[in-house]
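Structural characterization, general
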Amino acid sequence: MNLKLATLSAAVVLGLSLTAPAVASQTLAQFHGEMGGCETCHAGEKLKDIKAGLTDSQTHENKMCVECHGGYEELKSTKPNTHIDPHSSHLGDINCTACHAAHDKPEMTCNRCHNFDFEMPFADAKQKKAWNGDWNQEKIQAAIAKGPQETVDVIVVGGGSAGLNAAMAAKMKGASVVLLEKNDYTGGNSMLAAGGYNASETRQQKEKGVPDTKELFVADAMKGGRNQNDIELVKVLAEHSAEGIEWLESLGANMEDLKFSGGQTEMRTHRPAGGYSVGPHIIDTLRKAAIKHDVDVRVNSRVEKIVLNDDQSIAGVVVHGRHTGYKMIAADAVILATGGYGMNKEMVAYYRPTMADMTSSNNITATGDGILLAKEIGASMTDIDWVQAHPTIGKDSRILISETVRGVGAIMVNIHGERFISEMTTRDRASDAVLKQPEQYAWLVFDQQLVEKKKMVEGFDHLGMLSKANTVAELAEITGMKNLAATVTEYNQFYKDGKDPKFGRSALPADIVKAPFYAVKVAPGIHHTMGGVAIDTDANVLNLQSWKMEGLYAAGEVTGGIHGYNRLGGNAVADTVVFGKIAGENAAKFALEKK
Ligand code: SIN
């Protein structure tokens, strides 16, 4: 390996500040070009060869980065103790080119949500114009007129958990599959999921003696959703929830840990052992499984149209490739797995104007594309105006403080340090209660016992979000919560007694006794859009007359009906796996039978 490059890239991957080895305005491409010409990175020296070898995922270019510099794991091992490693928190192993745009200014992908202040090499290169502009109707129509450039059995739109599960399931049923993701890496909102996966009657529950049933799962989801859920969809979710866990385990996931989330009668939130976040773990597992099973996953590939035949059957899609432009791909079945619209300000303002100014915990990918694509061809929508506020997003940030932090023992208090609601109530009630506080924010308070159980809290500390003290009295002093000590003493007594007579908190898993003590400011923010494309129990999309739209399937947050007016924590990840798999299997069956 070239040592100069190795050192440079290790620092870059680990997010370390370093001086660019070049004069101002030089680009990474110029720097590499001087070493060995265009061929250093591209598949050829001449423009025509470079163009012929260029894919939207920049497959060859990324392979060359890894060949010269080593892969992520190798680079990481050069700085094992650094805490500034975005990849290990939730990005995972993504294409180098997602951040290191060779011919332009590099992009600080993490700063789409965070505010890190570190330099990237070649940071003063010229910024390329944004790719995410308006969908170009002229180019879409030209691509349709030209006809399909490729044909597959199943096209999956979106590369979060629902899309990756659907693609894997379709592939395993023998279909040829292409997954198209508009972002420069897969993962969607799922890669930020910090809670867990709700499932009933699992091996894990049986081993721990948790007396849960599928019927209780359904009852809790219906109660949480204010009985506005489509009960048939909820029954399917509960019925297949344990099977979904086994499927993930068969692909290499660890789902050993069990926690409570809000609105649960029994403990059914499954997570990886060791306090790791569920979303990044599942996405990492699915990314690796997709490579192993040779699923064609393409990033930088935005679907801008679902194309129908004259008889209204599915003809395929028009995809806009970041590097290759517009083209039509033919398929008999299309699966929409594009996620919700929690990051589309216009859609939130239209469907839920009261939330238009709220922050959002969502990934930048959650822009409602699938809803727009499906609406355009006559799909029906369910509960489209129902948007969930999560009560504990770090105040003035986009960082979610998972409900499982309360699930393992944190208390929620007002600015005086007084509890005001059961911490384990449903999200809509908890968010309303916070917004009724005059200051419209609250504090979560916990101790070192909790930090030891929940790895993710270390991340909040590194992000500078936590107030920390050696005694509760000192924490009260720092934060101005004058009644905090009395509240903690009272709460610790409730823990000893095993019941909370004040607010009826269902789970009291720990007391708050071990120093240091911590507090983090939280406020409600947009977290999940419950409404979306209407589907039946086969994940088949329904039209305005509630008839099946043959060949069109949808799964995950793009759909409506499963969660009613309020989703329970842990039910979204389950939804993406269970309905992703159902959509993939049914789409494969449909396409293969049509042949
Ligand atoms: C959380 O951990 O609070 C979010 C998980 C979810 O929305 O299911």
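That block above? That's the structure.
Residues numbered from 1 in each chain as written. Predicted model: local features only at pLDDT ≥ 70, side-chain atom pairs only at ≥ 80, totals over all residues. Heavy atoms only, no water.

**With respect to the packing of aromatic side chains**
Defined as follows: Think of it this way: a Phe, Tyr or Trp ring, Trp meaning its six-membered ring, pairs with another when their centres are within 6.5 Å, and the plane angle makes it stacked under 30 degrees, edge-to-face over 60, tilted otherwise. The numbering of helices and of strands both runs from the N terminus, where a helix is a DSSP run of H or I of at least 4 residues and a strand a run of E of at least 2. Working definition: with a 1.4 Å probe on protein chains only, accessible area under 20% of the residue-type maximum means buried, over 50% means exposed, and in between means partly exposed.
Under the definition given, this model contains five aromatic pairs. The interplanar angle of 55° and the centroid separation of 5.5 Å between the aromatic rings of Tyr 341 and Tyr 351 together place this pair among those described as tilted. Here Tyr 351 lies in helix α13 (residues 345–351) and Tyr 341 lies in the loop between β11 (333–336) and α13, a separation of ten residues in the sequence. By the burial criterion, Tyr 341 is buried, and Tyr 351 matches it. Seen in terms of ring centroids, Trp 386 and Tyr 565 are 3.7 Å apart; in terms of plane orientation they differ by 5°. Their pairing is stacked. Placement of the pair is Trp 386 in the loop between β12 (381–382) and β13 (387–394) and Tyr 565 in the loop between β20 (548–554) and α21 (571–594), with a sequence separation of 179 residues.

**Focus: helix α18 (residues 455–462)**
The cut-off we apply is this: The directions considered for the arc run from the helix axis to the C-beta atoms. Between two residues, a contact is recorded if the distance between any of their heavy atoms is within 4.5 Å.
When α18 is considered as a whole, its buried residues turn out to be Met 456, Val 457 and Phe 460. Angularly, the buried residues of α18 cover 105° about the axis, an arc narrow enough to put them on a single face. Along its buried surface, α18 packs onto β6 (269–271), α15 (403–407), β15 (442–447) and α17 (448–453).

**Focus on the site of the ligand**
Threshold: In these notes, residues near a molecule or strand are those with any non-hydrogen atom within 4 Å of it. Pairs of N or O atoms are called polar contacts if they sit within 3.5 Å, as long as, within protein, a hydrogen donor faces a hydrogen acceptor (for residues adjacent in sequence, only side-chain-to-side-chain pairs). Residue-level accessible areas treat just the shown protein chains as cover; the underlying method is Shrake-Rupley with a 1.4 Å probe.
Taken together, Ala 194, Gly 195, His 390, Leu 400, Ser 402, Glu 403, Arg 427, His 527, Arg 567, Gly 569 and Gly 570 make up the full set of residues near the ligand. Contacts to the ligand include Gly 195, whose backbone N or O atom sits 3.1 Å from an oxygen atom. Here an oxygen atom of the ligand and a side-chain polar atom of Arg 427 are 2.9 Å apart. When isolated, the ligand has an accessible area of 250 Å², and the protein chains bury 95% of it.

**Some points on the sheet that holds strand β4 (residues 197–198)**
Selection criterion: When DSSP finds two or more bridges between a pair of strands, those strands are recorded as paired.
Taken in spatial order, the three strands of this open sheet run β4-β6-β5, and their pairing is antiparallel. The two strands at the open ends of the sheet, each matched to only one other strand, are β4 and β5 (257–259). Both β4 and β6 contribute to a ladder of two bridges, which runs antiparallel. Residue pairing across strands places Tyr 197 opposite His 270, the latter belonging to β6.

**Looking at the packing of helix α19 (residues 472–479) against helix α20 (residues 484–497)**
The following threshold applies: Axes here refer to lines fitted to C-alpha atoms; in helices the fit is confined to the stretch in contact. Angles between the N-to-C directions go from 0 to 180 degrees. Roughly parallel refers to an angle under 35 degrees, roughly antiparallel to one over 145, roughly perpendicular to one between 65 and 115, and oblique to any angle outside these ranges. We call a crossing left-handed when the near helix sits turned anticlockwise from the far one by less than a right angle, and right-handed when that turn is clockwise.
Look at α19 against α20: their axes get within 8 Å of each other, and the N-to-C directions meet at 140°. When the axis of α19 is compared with that of α20, the two are oblique. Between α19 and α20 lies a crossing of right-handed hand. Here Val 472, Leu 475 and Ala 476 of α19 lie close against α20, whose contacting residues are Leu 484, Ala 485 and Val 488.

**Overview of a positive patch on the surface**
Where we set the bar: Patches draw on residues past 30% relative accessible area with no salt bridge. Two like charges within 9 Å are joined, as are two nonpolar side chains (Val, Leu, Ile, Met, Phe, Trp, Tyr) within 5 Å. A pairing counts as a salt bridge when a side-chain nitrogen of Lys or Arg comes within 4 Å of a carboxyl oxygen of Asp or Glu. The charge count includes Lys and Arg as positive and Asp and Glu as negative, but it does not include His or the ends of the chains. One atom stands in for each charge, and that atom is NZ of Lys, CZ of Arg, CG of Asp or CD of Glu.
A grouping of Lys 128, Lys 129, Lys 139 and Arg 322 is seen on the molecular surface, where their side chains present a positively charged patch. On the basis of relative accessibility, which here comes to 74%, the residue Lys 129 falls in the exposed class.

**Focus: the pairing of β11**
Neither face of β11 is exposed, since Ala 333 and Ile 335 on one face and Val 334 and Leu 336 on the opposite face are all buried. Pairing geometry for strand β2 (residues 154–157) and β11, over four bridges, is parallel. Directly across from Val 154, in β11, lies its bridge partner Ala 333. Two strands pair when backbone bridges link them, and β11 and β20 are joined in this way by three bridges, in the parallel orientation.

**Remarks on empty space enclosed by the protein**
This is how the line gets drawn: Here a cavity denotes grid points, spaced 1 Å and computed from the protein atoms alone, that fit a 1.4 Å probe unable to get out, and a pocket denotes an open set having protein on both sides within 12 Å along at least 5 of 7 lines; residues with an atom within 4 Å of a point are the lining. Grid points are joined across faces, edges and corners, and a volume is the space filled by probe spheres set on the points. Each residue receives one of three labels: charged for Asp, Glu, Lys and Arg, nonpolar for Ala, Val, Leu, Ile, Met, Phe, Trp, Tyr, Cys and Pro, and polar for the others, Gly being one of them.
Within this structure, the stated rule accounts for two cavities of 30 Å³ or more. What the largest cavity holds in volume is close to 50 Å³. What lines the largest cavity is Val 408, Gly 409, Phe 446, Asp 447, Gln 449, Leu 450, Lys 453, Ala 510, Asp 511 and Ile 512. Elements with a minimum of two residues in the lining of the largest cavity: β15 and α17. Of the residues forming the lining of the largest cavity, the biggest block, three residues, is contributed by α17. Residue composition of the lining of the largest cavity, by class: five nonpolar, two polar and three charged. Approximately 30 Å³ is the volume attributed to the second largest cavity. Lining the second largest cavity, in full, are Ala 221, Asn 229, Ile 562, His 563, Asn 566, Arg 567, Leu 568 and Asn 571.

**Structural notes on the pattern of salt bridges**
Summed over the entire model, instances satisfying the criterion amount to 35 salt bridges. Of the charged contacts in the structure, one is a salt bridge between Asp 212 and Arg 268, with a shortest N-O distance of 2.8 Å. Remark: Arg 268 occurs in the loop between β5 and β6 and Asp 212 occurs in the loop between α9 (203–207) and α10 (214–224); sequence separation between them is 56 residues. Each of the two residues, Asp 212 as well as Arg 268, counts as buried. With a closest N to O distance of 3.2 Å, Arg 505 and Glu 423 form a salt bridge. In this pair, Arg 505 sits in the loop between α20 and β17 (517–529) while Glu 423 sits in the loop between β14 (411–413) and α16 (427–436), placing the two residues 82 residues apart along the sequence. Each member of the pair, Arg 505 together with Glu 423, is buried. Three or more residues joined by partner-sharing salt bridges are found here, namely Glu 150, Asp 296, Arg 298 and Lys 327.

**Some remarks on the side chain of Thr 529**
Inspection of the secondary structure assignment puts Thr 529 in strand β17. In terms of polar contacts, Thr 529 uses its side chain to reach the backbone amide nitrogen of Tyr 341, at 3.1 Å. Apart from the residues lying within four places of it in its own chain, the contact partners of Thr 529 are Gly 340, Tyr 341, Gly 342, Trp 386, Val 387 and Glu 557.

**Notes on the nonpolar core**
Nonpolar side chains in soluble globular proteins tend to end up buried together. Quick reminder of the rule: Remark: nonpolar core denotes a set of buried residues (Ala, Val, Leu, Ile, Met, Phe, Trp, Tyr, Cys) joined through side-chain atoms within 4.5 Å.
Membership of the largest hydrophobic core comes to 96 residues, with the highest contact counts inside it found for Val 154, Ile 155, Tyr 197, Leu 248, Leu 336, Leu 552 and Phe 579. Here this core takes eleven residues from α21, the largest share from any one element. With 26 residues, the next largest nonpolar core counts Leu 400, Val 405, Val 408 and Ala 430 among its residues.

**Observations concerning the sheet that holds strand β8 (residues 301–308)**
Pairing in this open sheet of four strands is mixed, and the strands run β1-β10-β9-β8 from one edge to the other. The open sheet has two free edges, formed respectively by β1 (148–151) and β8, since each of these has just one partner strand. On average, adjacent strands in this sheet sit at an angle of 30° to one another, irrespective of strand direction. Where β1 and strand β10 (residues 325–330) come together, three bridges link them in parallel fashion. Across the sheet, residue Thr 151 finds its bridge partner in β10, namely Ala 330. Each of β1, β8, β9 (314–321) and β10 is contacted by helix α7 (residues 137–146), which is oriented at about 45° to β10, the strand it contacts most.

Note that every value here comes from positions in space, so none of it alone points to a role or purpose.
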